[in-house]
Amino acid sequence: MAEPFTMAVPSAMGVTARAWDEQHLDLRAAGGQVAAAPTGGFTSGVAGAAARFAGSWQRHVTGLAATAETRADGLRTTATDYARTDDAVASDQLLLDIALREDR
Amino acid sequence: MSDVVTLPPLPREVPELVADPAGIREYAADLLAASTQVDELGSFVAGDARIPDWTGLGATAYRDAIKSTGRLADAMSLALRDVARRVDQHAVALQSMLDRHGALVDERDLLVAAIAELRARVAGATADQAPALQLVCDDCAVRVATFEIDLDRWITDLMAEEEAIQEAFARALTLDQVERRYAGTDDPADAALDSMPGPNASPRDVKSWWEALTREQQLAVIAASPGSIGNRDGIPPGARDAANTVSLDSDLVDWGSLEDQGLLTDDERQWLANARAAKQAISTIEDGIDPQTLAPVCSQLYLYDPTAFDGDGAVAVSAGDLATAHDVAVTVPGFGTDGQSAPYQADRALDLYEATRSVDGTTGVASMFWIGYDAPDNLPWEGTGWDGAGVAGEGLAAAGGERLADLLDGLRDSRDGDRAHLIAIGHSYGSTTTGHAAHDEGIPVDDLVFVGSPGVGGDTNDVGDTGVDPDHVWAGANSRDPIADLGNHGWVHLESVLGGAGLGDDPAEDDFGAIRFEAESTTRPGHLDLGQHSTYFDHGSESLYNLSQIVSGNYDAVLGADPVTDPWYAGPQDPEWDRDPTERDTLDDP
């Protein structure tokens, strides 16, 4: 027997998409934090390497933030498609049910 | 004569060393806070992001896709954490290099001066003085040679340390390097957290768990899950401080970024204000100078939860090292206190630290303010006054007393085998909370002090009810402080007269039996004045002087005062009302 139509899955997708959004924002902030890490305390021989490391890692963390944002957007699209598909299937089933009903 | 006496060679100049270990530690802290955030993504992917109710091909494809993201996040977190830890070690190494640099410069200055003096002596010497002078010159030459060896070693060590830290940066520069080295590696924090005692475990059990971890596991837990241990009783103060600092730095960046983007919710705005107040409290303490050593005062963030108590926030910061101090004072503030009061409370904690180090500089001191309970938001006669929201009742004090007892138990247990002299000081409504902690829960303190108390709880009728040695229960009450005047007096018990509105007995009264100490202020007017309620921790005050003597255990130096009496035929009589207040020296000039 087919599972009854439920909004639980697209709803869970929506909640998770928002959680991905939070990850995106937090990681973007973390990327900024790495970029702003002060290098003035290092000796002159090391400060350049420290600055280069911070710059590279800002890009790495910001890239991870962008991935999280992509996941959030993708999941929202999937949730919409999922609900729309279920709606369409439900309508089709109803019409099919009418068409297949025996009149006598 | 200089042709027969060989002068020692001049020592080489010591190369300049410009470095700031504190700045390096800041850099490390930023990396560590970012690693915590990246680690959270890894945990999220492994948990909530999986959407268990979703099944089918699409669900499988989604989970496969996010798996690689989680794997990368885990690897990045480990890499960033490793580098942060190495940078922290670099700060320690550079501090050592700076210390050695200072010693080398001093030694060179001495040698140069000695050689100049020898040169002058040689120039004016006679031939028969030459052998003796040569001996002195030879001794000096040996010192120069030793100096040169030390200088070479210092230069070699500095170069090696610089190369090592550059190598640490270079090894984790690209994502390829990170994935090759860290992907699929177990996080040492995972196994440690899996074995962590449950929420009802005793502080002693938590301490045992922590001590059984390897150093690597401890550092991993601090970075990966600071919230798990930052406020956990039984965790040593140094580790709590490290974990809470990671949480604080992360919060400041996250919410600060949302603020910049105009995305802060009202709750987050309040949490951010609490976080900023905690940061400012730390700065306030670290700006202080120890009157004995002239070094900056160290701080410890012992409790940090900016979201606690419906956003009022919970925070405790210590001036001094709670793990090693001989005298540890915990001050519990009262009316109107919340997370945003932290800088003000930090100022008081610092005053008590400075005063205690001034009156007795022989032992280490830690003075911590504790905003760890939901204190009444307003003074009794402000806003709704004696209302049913707990403003003037004992409900908040009773709940806070339980938390305070847990805190004191945790502090005591974290110093197993190294017993500190532990003092609880309750000010204002904080004395009601402290009274409840003592009476309801029992607290492991050596001294119990109430200042500016509106009452220490309805069930505590005298010192015997506190469970603390009566010779170590103290009370300070300024005769012009209207809050200190609120407590029950003698045979009149407000909690029965006003239907439960009172806060219990006045600890400065004779019937209570505490040792009253002088706490008048030279700024007092001729009438009751609310401003006097805030003078107990002021430098130069009788109260701070006496508090610092109690904290340092110099009980004989405490300036006693006669208690308040309340005869049935008249109102309360305070013998301190007519005494001339005195100015006290509570701060050695650095």
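Residues numbered from 1 in each chain as written. Chains lettered and ligands numbered in written order. Predicted model: local features only at pLDDT ≥ 70, side-chain atom pairs only at ≥ 80, totals over all residues. Heavy atoms only, no water.

A. Just the overall build of chain B, in detail. Helices and strands together make up the secondary structure of chain B, namely 16 helices and 8 strands. The principal-axis extents of the C-alpha atoms in chain B amount to approximately 100 × 90 × 45 Å. Across the 590 residues in chain B, those meeting the buried criterion constitute 54%. Contacts in chain B between residues far apart in sequence, at least 24 positions, make up 76% of those at least 6 positions apart. Side-chain charges in chain B split into 37 positive and 106 negative, and the spacing between the mean points of these groups amounts to 10 Å. (Helix = DSSP H or I, 4+ residues; strand = E, 2+ residues; numbered from the N terminus. Buried < 20%, exposed > 50% of the residue type's maximum accessible area, 1.4 Å probe, protein only. Contact = heavy atoms within 4.5 Å. Lys, Arg positive; Asp, Glu negative; His and termini not counted. Charge placed at Lys NZ, Arg CZ, Asp CG, Glu CD.)

B. The arrangement of helix α16 (residues 542-551) of chain B in detail. Summarising burial for α16 of chain B: 10 of the 10 residues are buried, a large majority. A positive phi of about 80° marks G553 of chain B, the residue just after α16 of chain B.

C. Region of interest: the interface of chain A and chain B. At the junction of the two partners, chain A supplies 39 residues and chain B supplies 52 residues. Buried area between chain A and chain B, both sides added, is near 3900 Å², and the carbon and sulfur share of it is 72%. Of all residues in chain A, Q33, F53 and W57 of chain A bury the most surface against chain B, accounting for 18% of the area lost on that side. Inspection of the region where chain A meets chain B yields 0 salt bridges. If you look at where chain A meets chain B, you find 12 residue pairs in polar contact (both at pLDDT 80 or more). Broken down by secondary-structure element, the contributors of at least two residues to the side of chain A that touches chain B are α1 (8-36) and α2 (44-100) of chain A. Residue contributions to the side of chain A that touches chain B peak at 17 residues, all from α2 of chain A. (Buried area = accessible area lost by both parts, 1.4 Å probe. Salt bridge = Lys/Arg side-chain N within 4 Å of Asp/Glu carboxyl O. Polar contact = N/O pair within 3.5 Å; in protein donor to acceptor, adjacent residues only side chain to side chain.)

D. The pairing of strand β4 (residues 365-371) of chain B, seen in detail. All names here are of chain B. Within β4, 7 of the 7 residues are buried, which leaves it mostly tucked inside the rest of the structure. Residues V365, S367, F369 and I371 point to one face of β4 and A366, M368 and W370 to the other, with burial holding for every one of them. Inspection of the sheet shows strand β2 (residues 314-319) paired to β4 by 5 bridges, in the antiparallel sense. Residue pairing in the sheet places A319 in a bridge with S367 of β4. Chirality of the crossover, the property in question, places the unit of strand β3 (residues 327-332), helix α12 (residues 342-359) and β4 among those that are right-handed. (Pairing = 2+ DSSP bridges. Right-handed = clockwise from strand over helix to strand, strands pointing away.)

E. Fine view of the side chain of S299 of chain B. With respect to the helices and strands, the residue S299 of chain B is situated in strand β1 (residues 299-305). Not counting the four nearest positions on each side in its chain, S299 of chain B is found in contact with D241, I282, I285, E286, V317 and S318 of chain B.

F. Spatial organisation of the pattern of salt bridges. Residues and elements named next belong to chain B. By the definition in use, this model includes 26 salt bridges over all chains. In this structure, R579 engages E542 in a salt bridge whose closest nitrogen and oxygen atoms are separated by 2.8 Å. Placement of the pair is R579 in the segment after α16 and E542 in helix α16, with a sequence separation of 37 residues. Owing to a relative accessible area of 0%, E542 belongs among the buried residues under this scheme. Here R579 and E576 are joined by a salt bridge, their closest N and O atoms 2.6 Å apart. When its relative accessible area of 5% is taken as the criterion, E576 is described as buried. Connected through shared salt-bridge partners, E518, E542, E576 and R579 make up one network.

G. Focus on the environment of T307 of chain B. Residue and element names in this part refer to chain B. By the secondary structure assignment, T307 is in the loop between β1 and α11 (308-311). Accessibility expressed as a relative area gives 34% for T307, which makes it partly exposed. Through-space distance from the C-alpha of T307 to that of I515 is 39 Å; in sequence the pair is 208 residues apart.

H. Expanded view of the packing of aromatic side chains. Under the defined criterion, the tally for this structure stands at 13 aromatic pairs over all chains. Measuring from ring centre to ring centre gives 5.2 Å for F53 of chain A and F169 of chain B, while their planes differ by 40°; the resulting arrangement is tilted. Linking F53 of chain A in helix α2 with F169 of chain B in helix α3 (residues 130-171), this pair reaches from one chain into another. Neither F53 of chain A nor F169 of chain B differs from the other in exposure class; each is buried. Taking the ring centre of W577 of chain B as reference, the NZ or CZ of R480 of chain B above it sits at 3.7 Å. We note R584 of chain B situated over the ring of Y545 of chain B; from NZ or CZ to the ring centre the distance is 5.6 Å. (Phe/Tyr/Trp six-rings, centres within 6.5 Å; stacked < 30°, edge-to-face > 60°. Lys NZ or Arg CZ within 6 Å of the ring centre and 35° of its normal.)

I. Layout of unusual backbone geometry. Residues and elements named next belong to chain B. Backbone geometry at L294 places phi at a positive 65°, although glycine is not the residue there. Relative to the helices and strands, L294 is located in the loop between α10 (266-286) and β1. Owing to a relative accessible area of 49%, L294 belongs among the partly exposed residues under this scheme.

J. Expanded view of the nonpolar core. Of all hydrophobic cores here, the largest spans 94 residues; its most connected members are W20 and F53 of chain A together with Y27 and F169 of chain B. If we skip the residues at most four places from it in the chain, F53 of chain A touches Y27, L31, L80, V83, F169, A172 and L173 of chain B. Among the nonpolar cores identified, the runner-up in size contains 64 residues, and A316, A329, V330 and L404 of chain B belong to it. (Core = buried A, V, L, I, M, F, W, Y, C linked by side-chain atoms within 4.5 Å.)

K. Highlighting the confidence of the model for chain B. Residues and elements named next belong to chain B. Here chain B averages 90 in pLDDT, while 94% of its residues score no lower than 70. Low pLDDT, under 50, characterises residues 381-391; the stretch is placed with 20 contacts to residues that sit more than four places away or in other chains. Note that pLDDT drops below 50 for residues 496-500; the model gives that stretch 3 contacts with residues more than four away or on any other chain. Model confidence for the complex is summarised by a pTM of 0.78, with the ipTM given as 0.82. (pLDDT = per-residue confidence, 0-100.)

L. Region of the structure containing the environment of A51 of chain A. Residue and element names in this part refer to chain A. Along the chain, A51 falls in helix α2. For A51, a relative accessible area of 38% corresponds to the partly exposed category. Placed 13 residues apart in sequence, A51 and P38 show a C-alpha to C-alpha distance of 8.4 Å.

M. Representation of a negative patch on the surface in the model. Residues and elements named next belong to chain B. Where like charges cluster on the molecular surface, the negative patch consists of E402, D406, D440, E441 and D459. Elements represented by at least two residues in the negative patch include exactly α13 (395-413) and α14 (429-441). Here D406 is to be found in helix α13. (Patch = residues over 30% accessible without salt bridge, like charges linked within 9 Å, V, L, I, M, F, W, Y side chains within 5 Å. Areas by Shrake-Rupley, 256 points an atom, 1.4 Å probe, with all protein chains shown as cover.)

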